[in-house]
Amino acid sequence: MSEQPLLEVENLRIDLTVGGTKFPAVQDVSFTIKRGETFGLVGESGCGKSITSLALIGLLRHPLSIGAGTIRFDGREIQALSPGEMRKLRGDRISMIFQEPMTALNPLSPIGRQIAEMFVLHRGATWKEAERLSIEALANVRVPAPERRIKDYPHQLSGGMRQRVMIAIALACEPDLLLADEPTTALDVTVQAEILELIRDLSAAKGTAVLMISHDLGLIANMCRRVGVMYAGRLVEERFATEVFQSPSHPYTSGLVASLPLLGARSKYGRQRLKEISGVVPPVAAFPTGCRFNPRCYAATEVCGTEDPGVTPLARGGLVRCHHHE
């Protein structure tokens, strides 16, 4: 694995504009991903994971916009690239598996045509060659009878099958960076394992860097070398995956890990009651002062409600954003 990061995100801020007022939906987010590395991003819905990935691929639209920070891909700043320059990167060197395939796929075009476009636009293939490559791409993600399926429209496929088509499109040009937003949504366990193995093989063989976004902590633990934990638009902890799950430093991370079911665990009534984090993620326009997690935190003190904890480097590597992490 090369020591030079392929992707560098530094102090990224994403603004949400409402009625002329800007609110920081994502703030001070920094991380790097090396070639061949899989970096995980976890957190509850509404924490800013998906819009962070959309910012990286240049797909933010009003009322969202990049307010500050730097995004460097292969040493080149990309947030200020022209739409044409960004299109050359998107789908070729940077690709994305979207969380909602039904809204990401074109309902008016057969799926074979949508996959073939990748090879025509980015590889200079003829449409005849692209059709053959599309069949191979569908076969790689275990779509049965791909020769027939290339003529189907998205509405003719099940949710799981549409997800496989999205993955086929994302992997078609063997990208340098793959952004995977809940890539195994709607897939059964067997197919999920096959898709993850496909992504792992691509990363190992081609040095593809992967940003893996998921609520499935087991998937993240299995796939990722390092993990970033997001809460209310901020990265509150970032460490090696083994350390995050074995000895979390931030109370929010501790709550996420504690919510996982334990095989064989039973209460005196014969059932295991899962632990939960009280409350919900606050809306962007109502982020609390101080530590944003303090209204839900079991370890919160007076200072947590008044002062931003800032980022603290950890002795064993990584960082945490908490007054009481020790």
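With an unreviewed UniProt entry as reference, the chain is termed Peptide/nickel transport system ATP-binding protein, source organism Microvirga guangxiensis. Per UniProt, the chain carries the Subcellular location (unreviewed entry) text "Cell inner membrane".

> How do you make sense of the domain arrangement of the chain when you look at a structure like this?
One frequently used descriptor of interface size is the decrease in accessible area upon assembly of the parts. The domain boundaries assigned to the chain delineate domain 1 (7-93 + 173-320) and domain 2 (100-172). Opposite the 20 residues of domain 1 that make contact, domain 2 presents 14 residues. Interface area, domain 1 with domain 2, both sides summed: about 1400 Å², of which 65% is carbon and sulfur. Interface area lost by domain 1 to domain 2 is led by Cys173, Ile195 and Leu198, which between them contribute 37%. Linking domain 1 to domain 2 there are two salt bridges. As a salt-bridge pair, Arg142 and Glu194 come within 3.8 Å of each other at their nearest N and O atoms. Scanning the region where domain 1 abuts domain 2 turns up eight residue pairs in polar contact (both at pLDDT 80 or more). At the level of elements, helix 2 (83-89) and helix 8 (189-206) are the ones that each hand at least two residues to the side of domain 1 that touches domain 2. Residue contributions to the side of domain 1 that touches domain 2 peak at five residues, all from helix 8. In the side of domain 1 that touches domain 2, the residues fall into 10 nonpolar, three polar and seven charged.

> I would appreciate a short explanation of the layout of surface pockets in the present structure.
One way to see where empty space is left: roll a probe the size of a water molecule over the atoms. Estimates place the volume of the largest pocket at around 550 Å³. Around the largest pocket, the lining comprises 20 residues; the ones closest to its centre are Arg90, Gly91, Phe98, Met118 and Ile169. Secondary structure elements with two or more residues in the lining of the largest pocket: strand 6 (94-97), helix 4 (111-123) and helix 7 (159-171). Here the lining of the largest pocket is composed, by residue class, of 11 nonpolar, six polar and three charged. Split by domain, the residues of the lining of the largest pocket number at least three in each of domain 1 (7-93 + 173-320) and domain 2 (100-172).

> I tried to follow the sheet that holds strand 1 (residues 5-18) on my own but got confused; where do I start?
Across a sheet, strands are paired by hydrogen bonds formed along the backbone, either parallel or antiparallel in direction. Taking strand neighbours across the sheet as the criterion, the four strands line up as 2-1-4-5 in an open arrangement whose pairing is antiparallel. Pairing within the sheet leaves two strands with one partner each, and these edge strands are strand 2 (21-34) and strand 5 (76-77). For strand 1 and strand 4 (residues 64-73), the ladder comprises eight bridges, and the chain directions are antiparallel. Counterpart to Arg13 in the pairing with strand 4 is Ala68.

> In this structure, what is going on with the environment of Lys151? I would like to understand it.
With respect to the element layout, Lys151 can be found in the loop between helix 6 (146-149) and helix 7. In this structure Lys151 comes out as exposed when scored by relative accessible area, which is 63%. Put simply, Lys151 and Arg113 are 38 residues apart on the chain and 8.1 Å apart in space, counted from C-alpha to C-alpha. Those residues in contact with Lys151 that lie beyond four places of it in its chain are Pro110 and Gln156.

> Whenever I open this one, the sheet that holds strand 9 (residues 226-231) confuses me. Can you help?
If you walk across this open sheet you meet the eight strands as 6-7-8-3-9-10-12-11, and the pairing is mixed. Taken across any chain shown, the strands that pair with only one partner, and hence form the sheet edges, are strand 6 and strand 11 (312-313). Here strand 9 pairs with strand 10 (residues 234-240) via six bridges, running antiparallel. When the sheet's bridge partners are listed, Met230 is paired in strand 10 with Leu235.

What counts as what
- Residues numbered from 1 in each chain as written.
- Predicted model: local features only at pLDDT ≥ 70, side-chain atom pairs only at ≥ 80, totals over all residues.
- Heavy atoms only, no water.
- UniProt positions renumbered as here; feature names shortened; annotations may be inferred.
- Domains from an automatic or database assignment.
- Contact = heavy atoms within 4.5 Å.
- Buried area = accessible area lost by both parts, 1.4 Å probe.
- Salt bridge = Lys/Arg side-chain N within 4 Å of Asp/Glu carboxyl O.
- Polar contact = N/O pair within 3.5 Å; in protein donor to acceptor, adjacent residues only side chain to side chain.
- Helix = DSSP H or I, 4+ residues; strand = E, 2+ residues; numbered from the N terminus.
- Nonpolar A, V, L, I, M, F, W, Y, C, P; charged D, E, K, R; others polar.
- 1 Å grid on protein atoms, 1.4 Å probe; cavity = no way out; pocket = protein on both sides within 12 Å on 5 of 7 lines; lining within 4 Å.
- Points joined across faces, edges and corners; volume = space filled by probe spheres on them.
- Pairing = 2+ DSSP bridges.
- Buried < 20%, exposed > 50% of the residue type's maximum accessible area, 1.4 Å probe, protein only.

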